[in-house]
Amino acid sequence: CRDLNGVLWPFPLDDELKYLGLTGDQKGLSRLLGRLNDDLGASDDVRLTALRYKPGRRFVGRIDEGGNPKAVLRLQSATAYARSRRAAKSLGTVNVVRTPATLGHSDGLQALLLEWLDGHSLSARWTKSTADLAAVESAGSALAAEHQLPMPKLPRRDKQSVAASIAAMKSDAHIFGPETAQRVGDLAGSCLALHGQTSEQTVAVHGDFHP
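Summary of the structure given here. (Residues numbered from 1 in each chain as written. Predicted model: local features only at pLDDT ≥ 70, side-chain atom pairs only at ≥ 80, totals over all residues. Heavy atoms only, no water.)

**Topic: the overall build of the protein chain**
Point 1. Scanning the protein chain for helices and strands turns up 7 helices and 5 strands.
Point 2. Each helix and strand of the protein chain, placed in order from N terminus to C terminus, yields the pattern α-α-β-β-β-α-β-β-α-α-α-α.
Point 3. Dimensions of the protein chain, computed from the C-alpha atoms along their principal axes, are close to 55 × 50 × 40 Å.
Point 4. When each of the 211 residues of the protein chain is scored for burial, the buried share is 29%.
Point 5. Of the contacts formed within the protein chain by residues at least 6 apart in sequence, a portion of 52% connects residues at least 24 apart.
Point 6. The average position of the 26 basic charges and that of the 23 acidic charges among the side chains of the protein chain differ by 3 Å. (Helix = DSSP H or I, 4+ residues; strand = E, 2+ residues; numbered from the N terminus. Buried < 20%, exposed > 50% of the residue type's maximum accessible area, 1.4 Å probe, protein only. Contact = heavy atoms within 4.5 Å. Lys, Arg positive; Asp, Glu negative; His and termini not counted. Charge placed at Lys NZ, Arg CZ, Asp CG, Glu CD.)

Shown next as structure tokens:
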């Protein structure tokens, strides 16, 4: 659509997530799972429910067997998969926070199959009439514990790369139009100035936490 500067792609076709198309039918899903886990791949009663999809970046789905959740399937772009694979291997060696075990992976498919962990969404806990502060505090404690762990195998972002990403926001702000671009540019400039005053310290960061 030229008016919207947009392109419509039929799901599950995706240029970056090349094997997402296999999830479009039961036979393809079984083939995909068979490359990741023999038990799930051999089952005739597996179903996939999409949980999150960011075109060109990531697809996350829940694998059910016999109506019960069994695993989480992650299909990612090459760069995102490499990061997730390294994180899964590193976090699998620590016991401070319960993290899902890796049930299977494929570098060729850019796919991870992780253990399904039952739980409740934190967002549901604080949208009730009375916020569950204990759950919020527990999540905060878990994040703090993760952030104190030494993670030598995780990808690192040095001070220069962070500054470059902020500068890129400033240079690309024109796509939002003159008024918004000015505000984004001013904000990015302030962030660059503050970033320049900070000392460099390497710590582990979750990077994608959401309720």
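Having seen the model, we can carry on.
**Description of the packing of aromatic side chains**
Point 1. One pass over the full model with this rule turns up 3 aromatic pairs.
Point 2. Residues Tyr53 and Phe59 carry aromatic rings whose centres are separated by 6.2 Å and whose planes lie at 65° to one another, so their mutual orientation is edge-to-face.
Point 3. Three or more aromatic residues joined by ring pairs form one cluster here, namely Phe11, Tyr53 and Phe59.
Point 4. Over the aromatic face of Trp116 sits the side chain of Arg62, whose NZ or CZ is 5.8 Å from the ring centroid. (Phe/Tyr/Trp six-rings, centres within 6.5 Å; stacked < 30°, edge-to-face > 60°. Lys NZ or Arg CZ within 6 Å of the ring centre and 35° of its normal.)

**Details of unusual backbone geometry**
Point 1. With an omega of 10°, the peptide bond running from Phe11 to Pro12 counts as cis.
Point 2. Among the secondary structure elements, Pro12 is positioned in the segment before α1 (26-36).
Point 3. Even without a glycine there, the phi angle at Gln110 is positive, about 55°.
Point 4. Following the sequence through the fold, Gln110 ends up in the loop between β4 (102-106) and β5 (111-115).

**With respect to the pairing of strand β2 (residues 58-65)**
Point 1. With 6 of 8 residues buried, β2 is to be regarded as a mostly interior element.
Point 2. By the bridge criterion, 8 bridges tie strand β1 (residues 46-54) to β2 in an arrangement that is antiparallel. Bridging from a neighbouring strand, Leu48 pairs with Ile63 of β2.
Point 3. Once β1 ends, the chain turns through 3 residues before running back antiparallel as β2, passing Gly56 with a positive phi of about 80°.
Point 4. Where β2 meets strand β3 (residues 68-76), 8 bridges bridge the pair, whose relative direction is antiparallel. Directly across from Gly61, in β3, lies its bridge partner Leu73.
Point 5. The antiparallel pairing of β2 with β3 creates a hairpin that spans 2 residues between the two strands, and Gly66 there sits at a positive phi of about 65°. (Pairing = 2+ DSSP bridges.)

**Considerations on α1**
Point 1. Turning to α1, its buried residues are Gly28, Leu29, Ser30, Leu32, Leu33 and Leu36.
Point 2. In the core, the buried residues of α1 are packed alongside α2 (38-42), β1, β2, β3, β4 and β5.
Point 3. For α1, the N-terminal capping position is held by Asp25, with its side-chain oxygen 3.2 Å away from the main-chain nitrogen of Lys27. (Polar contact = N/O pair within 3.5 Å; in protein donor to acceptor, adjacent residues only side chain to side chain.)

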